Structure formats: structure tokens, C-alpha cells
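# Breakdown of the fold
Now for the letters of each chain:
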Amino acid sequence: MNSLATQTGAALSALVIAFGVSTAGAVPAQAVPAPADVDRQVGWGAAWMAAPQRASAGFEPNWSEEGFTGQSVRQVVRLTAGGSSLRIRLSNDYGPSAVRLTGATVAYPDHGASVQPASVRHLTFGHAGSADIPAHGTLVSDPVRLRVRPLQPVAVTLYFAGTTGPATFHSQAYASSYRAQGDHRADTAANAFTQATHSWYYLSGVDVSGEKKRDDAVVAFGDSITDGFGSTGDANNRYPDELAEYLATTGRARPVLNAGIGGNLVLNDSAWYGDHSAARFQRDVLDQPGVGTVVMLEGINDIGFSESDTPTYKPAPVVSADELIAGYRQLIKQAHAKDVKVVGATLLPFKTSDHWGEHAATVSDAVNQWIRTSGEYDAVVDLDRGLAAPGDPDTLDPAFDSGDHLHPNDAGYAAMARLIAERL
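Below you will find a few notes about this structure. Since the structure is predicted, the reported quantities are computational estimates derived from the model, not experimental observations.

### Focus on the nonpolar core
- Membership of the largest hydrophobic core comes to 61 residues, with the highest contact counts inside it found for Val 294, Tyr 328, Leu 383 and Met 416.
- For this core, the leading source of residues is helix H7 (residues 321–337), giving seven residues.
- Residues contacting Val 294, with those up to four places away along its chain left out, are Val 219, Phe 221, Phe 281, Val 285, Ala 335, Val 340, Lys 341, Val 342 and Val 343.
- Core analysis: the next-biggest nonpolar cluster, separate from the first, contains 39 residues, Trp 63, Ile 88, Leu 123 and Ile 133 among them.

The structure is reproduced here in C-alpha cells:
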């Protein structure tokens, strides 16, 4: 074992001993997420994340409500930072009881659900192959040696020999995850993985270490526009993906983490759309290893659901500009208390979308003017003006419109990324 891995193991072992818990079994709930002092010692930085959600039907079929029984699930994610070692983070935040993970692997993906044979690594948790993901808690793997580059994908395969019950997941991944009956975590071929959905299950983060320690990760915090609705599936064209690529190609490479949840709200919880912003901000932003900046783009659902006939959020409260601004201020205060810089993004144009109406238009104008002029953010990016149609500032530019007049397409997300990069 190299010196970095030895130091990592020693730091985590010391942490476990401090809690008075044996390392012979599963990693205890108290040990995760790894405290910031341990992350500083071993140089961990987040390279990918997904914001956890409670099991729900969602907009297309997924496996969250049924969970897994005697099955393997393989998930391919693209990292935005490189290193010589990595670890995974698993979330059971919305599970009322512990979930037994029988085993897990990580590898370089090939095509679809296949992986490159020489790259397969078996993961351990507290030096054991199996572990419990604690009820309402998180499990972090031990470090494993696998060199990865920025913008390189990895495939994480989880095997559950028993029954998990409803699974904590991320609904709108815009990427394929694969399921097989039986233990296929070490399979390199895709033959057994005959089912696929567009969600991520239990997997909430991948961290890397072994290279220069960084504290400049950017967390993109928001709703479906951050999550990537309207982008091409399995293409990594969400705006945080485009931002990571643009920064890398312009010599300013930084980890970029996507903490978007489709339908999410600043002020209210939702069974489908996740906890409200202040309730998840600590977990999804401030607890991410190496975070230095957060880009905040949220509020369109707070003001638009009351105009919409969306069946998943009725009745929707009518929200004022002052209420939404108070929500923003709470997030800014949380971030600044942790020395995290905040970039405020104005709400995009959305005229003729299902979120548009007289009240929503008035509140949107007031909120965007406050974002531009309040001076409470460390920087401001004006996506409202930057993505507006020529001659109509309330309408999304048709060149950037995915078709619903609310969410950008791939070109729109790329344009957002360039505008945000200028303000970093």
C-alpha cells in the first residue's frame, strides 16, 4: 500500500476508534460523510455528485420504489477532477432502515454496461467487502487505487443480495443505469444487464485524491435547468458538464458538481422534487469536499407552479418576490459562514411556457432586478439577458429552446456555461 493510502486508512481508522466502534463490520453512520478535517488530511476532493431524493414514481419509469432484490445495478458517471485514488459515497438519506450492500466494484466503462477488464477494482468499506448503508445515513468506501483524469467516466456497480426496500435515488439523471439479476458486479461484458433506466440509485458522490489538493470546486445548485432537463441523454450536455469542459479547454480546469434536482423549490418541500433549498444546502453544497464556490439558479418553480397545471405539485402556494429573496438570503448566509463564494444567476426568460403568467412575470422581474443590484452575491451572471430572444427579453431565444420555452437545449446549456465561466 502506498503512503497516501496508508495515511488515508490511518485517518479513517482513527476516526472510527474515536467513535468507539469496531472496524470489523460496516462503517458506522457517524463516520459519514467524512468530516472536513479528515478530508483535509488525505486531500480528498469531490469529482462527481448527485443530489439524493426520496423514492418516487418520477416522470418516467424507474426502480426507486421497488428497490433491488438479488440484483446488481451498474451506473456510469463522468468525473470532473482527476487523481490516483478514489472513493464512492452512498446515500440512504430517505431509507427508514439500513440497507445491506453485499459488494461493489468500480471500473473504466467501455460501451453501454460493459467495462474494461483490466480496470475492475473491488471496493471495501471499513476493510470489509460488505457493509450497511445506515438508515437516514451515508456510507463511504475505503480508498481504491485507480487513476482517473478530469472528464473521464467511471462505472460503479452495486450488488444487493437481499431486499433493499425503496431506494434513495436521483430521479432525472439523463444517463443510463443498468440492472442485472444476480451478482454481476465483476462482469466486464454487458450481457447480464438487460434493463436500463435514466436514474441513479444510492450513488451520491465520487471523490478523488492523490494529486494537488484543491478547494476550488464549483457546485451548481438549482432545479431542472441545473439538472439538465432538455439536454441529450448519455451525452453529458447539462450546463455543469459544459462548464467543466469549457473551464478545462480554457486552461482554468476546476471540479464542477451538479446539485440540481428537477422541480426543486427554494421555499417548499415536495415528494417528487426533493427537500427545499435550505434543508438540503448543507448536504448538497457545503459538505462536498473541496467546495469553494456555489452557483445559485433556483426559484422559477416557486413562482411558476402556481401558474402551471403540473399535477405533481397542487395546490401550489403563491410566492412573493420578498419571500423568495428571503430564501436566497438564507442560502447566501449559510455559504458565507463556511467561506464559500456565491454566484447569483438571474432566472431565465420563460414567456409562453407553462410557468408563465401575470404574477410569475412580475415576481421574476423583481427577483432578477434584486439579484443584479443587491450586492449580496460575490458575483452575478445575468442568464436572463444572456439567453433572451432578440427583440423579446421575456422569451427564451429559440436557438436555445428545448421546445417547452422553459428549459434550454444543448446549445442553451453551452451558452449558460460560457456566461457562468466569465463570472468565476
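### Quick word on the pattern of salt bridges
- Inspection of the entire model under this criterion finds 16 salt bridges.
- Across the pair Asp 207 and Arg 87 runs a salt bridge, and its minimum N-O distance is 2.8 Å. Residue Asp 207 is found in strand E15 (residues 203–209), and its partner Arg 87 is found in strand E3 (residues 83–91); the two are separated by 120 residues along the sequence. For the pair Asp 207 and Arg 87, one class covers both residues: buried.
- Of the charged contacts in the structure, one is a salt bridge between Arg 100 and Asp 132, with a shortest N-O distance of 3.1 Å. Residue Arg 100 is found in strand E4 (residues 99–101), and its partner Asp 132 is found in strand E7 (residues 131–133); the two are separated by 32 residues along the sequence.
- Classification of Asp 132 as partly exposed rests on a relative accessible area of 29%.
- Connected via shared salt-bridge partners are Asp 93, Arg 280, Arg 283 and Asp 284.

### Observations regarding helix H8 (residues 358–373)
- Compared with the 22 Å implied by 1.5 Å per residue over 16 residues, the 23 Å span of H8 between its first and last C-alpha is a close match.
- For H8, the set of buried residues is Ala 360, Ala 361, Val 363, Ser 364, Val 367, Asn 368, Trp 370 and Ile 371.
- On the buried face of H8, the contacting elements are helix H6 (300–304), H7, strand E19 (341–345), strand E20 (379–381) and helix H9 (383–386).
- After H8 finishes, the residue Gly 375 shows a positive phi value of roughly 75 degrees.

### Structural notes on the packing of helix H5 (residues 277–286) against H7
- Here H5 crosses H7 at 30 degrees, and the two axes come no closer than 10 Å. Between H5 and H7, the angle falls in the class roughly parallel. Classified by chirality, the crossing of H7 by H5 is right-handed. Along its contact with H5, which presents Ser 277, Ala 278, Phe 281, Gln 282 and Leu 286, the element H7 presents Gln 330, Leu 331, Gln 334 and Ala 335.
- By residue class, the composition of the contact of H5 with H7 is five nonpolar, four polar and no charged.

### Concerning the sheet that holds strand E6 (residues 121–122)
- Within the open sheet, the six strands sit side by side as E6-E5-E10-E2-E12-E13. Their pairing is antiparallel. In this open sheet, the two strands that pair with only one neighbour each are E6 and strand E13 (195–197).
- For strand E2 (residues 69–78) and strand E10 (residues 153–163), the ladder comprises nine bridges, and the chain directions are antiparallel. Directly across from Val 77, in E10, lies its bridge partner Val 154.

### Focus: the environment of Asp 227
- Its place among the elements puts Asp 227 in helix H3 (residues 224–227).
- What makes Asp 227 buried here is its relative accessible area of 2%.
- Between the alpha carbons of Asp 227 and Tyr 174 there is a distance of 8.5 Å; along the sequence they are 53 residues apart.
- Discounting residues that sit within four places of it in the chain, Asp 227 has contacts with His 170, Gln 172, Tyr 174, Arg 238, Asn 258, Gly 260, Ile 261 and Gly 262.
- Separated by 3.1 Å, the side chain of Asp 227 and the backbone nitrogen of Gly 262 make a polar contact.

### What about the sheet that holds E19?
- Strand order across the open sheet formed by five strands is E17-E16-E18-E19-E20, with parallel pairing between neighbours. Where the open sheet ends on each side, the last strands, each with one partner, are strand E17 (256–260) and E20. Here the strands of the sheet are splayed against their neighbours by 20 degrees on average, with no regard to which way each runs.
- Two elements, strand E18 (residues 291–297) and E19, share four bridges in a ladder whose sense is parallel. Paired with Val 295 across the bridge in E19 is Val 343.

### A look at helix H4 (residues 239–249)
- For H4, the full list of buried residues reads Tyr 239, Pro 240, Asp 241, Glu 242, Leu 243, Ala 244 and Leu 247.
- Contacts from the buried residues of H4 go to E2, strand E16 (217–222), H3, E17, E18 and helix H10 (410–423).
- Backbone geometry just downstream of H4 places Gly 251 in the positive-phi region, at approximately 75 degrees.

### Quick word on the packing of aromatic side chains
- Evaluated as defined, the whole model comprises 16 aromatic pairs.
- Ring centres of Trp 370 and Tyr 377 lie 5.6 Å apart, and the angle between their planes is 70 degrees; this geometry places the pair in the edge-to-face category. Neither residue differs from the other here; Trp 370 and Tyr 377 are each classed as buried.
- A connected cluster of aromatic rings, assembled from ring pairs, spans Trp 63, Phe 68, Phe 160, Phe 169, Tyr 201 and Tyr 202.

Definitions and limits used
- Residues numbered from 1 in each chain as written.
- Predicted model: local features only at pLDDT ≥ 70, side-chain atom pairs only at ≥ 80, totals over all residues.
- Heavy atoms only, no water.
- Core = buried A, V, L, I, M, F, W, Y, C linked by side-chain atoms within 4.5 Å.
- Buried < 20%, exposed > 50% of the residue type's maximum accessible area, 1.4 Å probe, protein only.
- Helix = DSSP H or I, 4+ residues; strand = E, 2+ residues; numbered from the N terminus.
- Contact = heavy atoms within 4.5 Å.
- Salt bridge = Lys/Arg side-chain N within 4 Å of Asp/Glu carboxyl O.
- Expected span 1.5 Å × (residues − 1).
- Axes fitted to C-alpha atoms, helices over the stretch in contact; angles between N-to-C directions.
- Parallel < 35°, antiparallel > 145°, perpendicular 65-115°, else oblique.
- Left-handed = near helix turned anticlockwise from the far one by under 90°.
- Nonpolar A, V, L, I, M, F, W, Y, C, P; charged D, E, K, R; others polar.
- Pairing = 2+ DSSP bridges.
- Polar contact = N/O pair within 3.5 Å; in protein donor to acceptor, adjacent residues only side chain to side chain.
- Phe/Tyr/Trp six-rings, centres within 6.5 Å; stacked < 30°, edge-to-face > 60°.

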